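What follows is the residue order along each chain.
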Amino acid sequence: MTTSTPSDATTPHHPIAVIGAGLGGLMLARVLHVHGIEVPVFDLDASADARRQGGMLDIHEDTGQAALREARLHEAFLAKVHPGGQALRVLDKSGHVHLEEEDDGSGERPEIDRGDLRDLLLTSLPADTVRWNSKVVACRATDGEESRGRYEVTLADGSVFTTDLLVGADGAWSRVRPLVSDAMPAYAGVSFVEVDLFDADTRHPEAAALLGGGMFFGLSDEKALLGHRETDGSLHVYVALRTDESWLGTVDFTDTGAAKAAVLEHFADWAPGLRGLIAEADGPLVPRHIHALPIGHRWDRVPGVTLLGDAAHLMSPFAGEGANLALIDGADLGRCLAEHAEDTEPALAAYEALLFPRAEEMARESAGGLEAIFAPDAPQPLLDMFAGFGGPEAEQG
């Protein structure tokens, strides 16, 4: 698995190539590194700090934390978790608090900043593992007797490499996915507008007190304000509407004042403090459609290629499983490859046997979470879900 001779000596060849340096791709590279297997990870970003990495993540014991143990990074992870981040508040549009839980340190889903988790994975790898500024524009199976079973990958700069095993960890709009599946993400019926309130305790004390120390849900009338206190003292809030896919296109997000006014129209009868989370936002508002692959998305075994994370099972964020599944996918695939170092096909078959049923179960939970959060009688269905599961189940970030 560590050596191979390309059919064309001028074309770089990698026994394994990972596309995408998100959490899943980095976890795969880390677990392989632990087992003495080095792989390149190709990412379209110009550098590790080219863009913000999102908000807070709750890392689950049986998925994300299990992956971190496999990667021998669990103790380092615990040193970076956000104290108090597992606190929870659920309100309705009047501001009435229906559920409030403090973080006493006994929870099994510690919170960490996505950027901190990504940095932990990056710094655990050799410095040349990630090939930045490497946007993939095309992938294809190669032709010819000598190169059969390989894949050719073309980058935006025109360069090409080949690989015996191509792993698509490249997110929702994966360039690798078409090699195994015709499925495409579809609009999930929900649109987000992301806002930030910086230095909240000093500059936005009322909003800070309303949101609390951890995760926040303000729910009514098929609308939601989903927030979290960040490790830097800011508040990150997702304004979520169950609306037509075209709605975001009717708002001029280049004009922050006009964008706030357009969003606030949907919350006209909400409590002033809740409206303040939008009205007081610092900086531009960021629109985002929520997409999902079909529940139960899977594919027939295709030699030499597989997917992980959102590329394999993109779902809405309402079960809190997206990042956790990417981490456990990467860890499982790395372990399977290490256990079948002489033949990748049994490794991929073993990995996908774990991947498919787990992803289907979580996608169903995510779809159920969406229905609960945007129900006409919310927040009651979410409260019922929390009571049934024994704790909060939604991911912010």
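Now for a description of the structure that goes with this document. (Residues numbered from 1 in each chain as written. Predicted model: local features only at pLDDT ≥ 70, side-chain atom pairs only at ≥ 80, totals over all residues. Heavy atoms only, no water.)

What to know about empty space enclosed by the protein
Tallied over the entire structure, the rule returns one cavity of 30 Å³ or more. Taken as a whole, the largest cavity encloses approximately 50 Å³ of empty space. Lining the largest cavity, in full, are Leu293, Pro294, Ile295, Gly296, His297, His313, Leu314, Met315, Ala359, Glu360 and Ala363. At three residues, helix α11 (residues 344-373) tops the list of elements feeding residues into the lining of the largest cavity. Of the residues belonging to the lining of the largest cavity, the class tally is seven nonpolar, three polar and one charged. (1 Å grid on protein atoms, 1.4 Å probe; cavity = no way out; pocket = protein on both sides within 12 Å on 5 of 7 lines; lining within 4 Å. Points joined across faces, edges and corners; volume = space filled by probe spheres on them. Helix = DSSP H or I, 4+ residues; strand = E, 2+ residues; numbered from the N terminus. Nonpolar A, V, L, I, M, F, W, Y, C, P; charged D, E, K, R; others polar.)

Thoughts on the pattern of salt bridges
Inspection of every chain in the model, using the stated rule, returns 19 salt bridges. The partner of Glu100 in a salt bridge is Arg89, with the nearest N and O atoms 3.2 Å apart. Of the two residues, Glu100 is situated in strand β5 (residues 97-101) and Arg89 in strand β4 (residues 88-91); the sequence distance between them amounts to eleven residues. Because the salt bridges share partners, they merge into one network encompassing Asp329, Asp332, Arg335, Glu339 and Arg358. (Salt bridge = Lys/Arg side-chain N within 4 Å of Asp/Glu carboxyl O.)

Some points on the nonpolar core
A general feature of soluble globular proteins is that nonpolar side chains tend to end up buried together. Met27, Leu117, Leu166 and Leu337 are the most contacted members of the largest nonpolar core, which totals 65 residues. When neighbours within four sequence positions are excluded, Leu117 is seen to be in contact with Leu23, Leu57, Ile59, Leu68, Ile112 and Leu327. Within the second largest apolar cluster, 31 residues are counted, among which are Val239, Phe267, Trp270 and Leu274. (Core = buried A, V, L, I, M, F, W, Y, C linked by side-chain atoms within 4.5 Å. Buried < 20%, exposed > 50% of the residue type's maximum accessible area, 1.4 Å probe, protein only. Contact = heavy atoms within 4.5 Å.)

A short note on the environment of Arg150
Among the secondary structure elements, Arg150 is positioned in the loop between β8 (136-141) and β9 (151-155). What makes Arg150 buried here is its relative accessible area of 10%. In sequence terms Arg150 and His14 are 136 residues apart; their C-alpha atoms lie 10.0 Å from each other. For Arg150, the side chain forms a polar contact with the side chain of Asp164, separated by 3.2 Å. (Polar contact = N/O pair within 3.5 Å; in protein donor to acceptor, adjacent residues only side chain to side chain.)

Notes on the packing of helix α7 (residues 256-264) against helix α8 (residues 272-279)
Remark: α7 packs on α8, axes separated minimally by 10 Å, with the N-to-C direction vectors making an angle of 150°. If you check the angle between α7 and α8, you find them roughly antiparallel. Relative to α8, the crossing made by α7 is right-handed. Listed contacts from α8 to Lys260, Val263 and Leu264 of α7 are Arg275, Ile278 and Ala279. (Axes fitted to C-alpha atoms, helices over the stretch in contact; angles between N-to-C directions. Parallel < 35°, antiparallel > 145°, perpendicular 65-115°, else oblique. Left-handed = near helix turned anticlockwise from the far one by under 90°.)

Some points on unusual backbone geometry
With an omega dihedral of 15°, the bond running from Ala378 to Pro379 counts as a cis peptide bond. Examined against the element boundaries, Pro379 turns out to sit in the loop between α11 and α12 (380-389). A positive phi angle is found at Arg72, which is not glycine, with a value near 60°. Tracing the sequence through the fold places Arg72 in the loop between α2 (64-70) and α3 (74-78). Positive phi, close to 55°, is recorded for Asp221, a residue that is not glycine.

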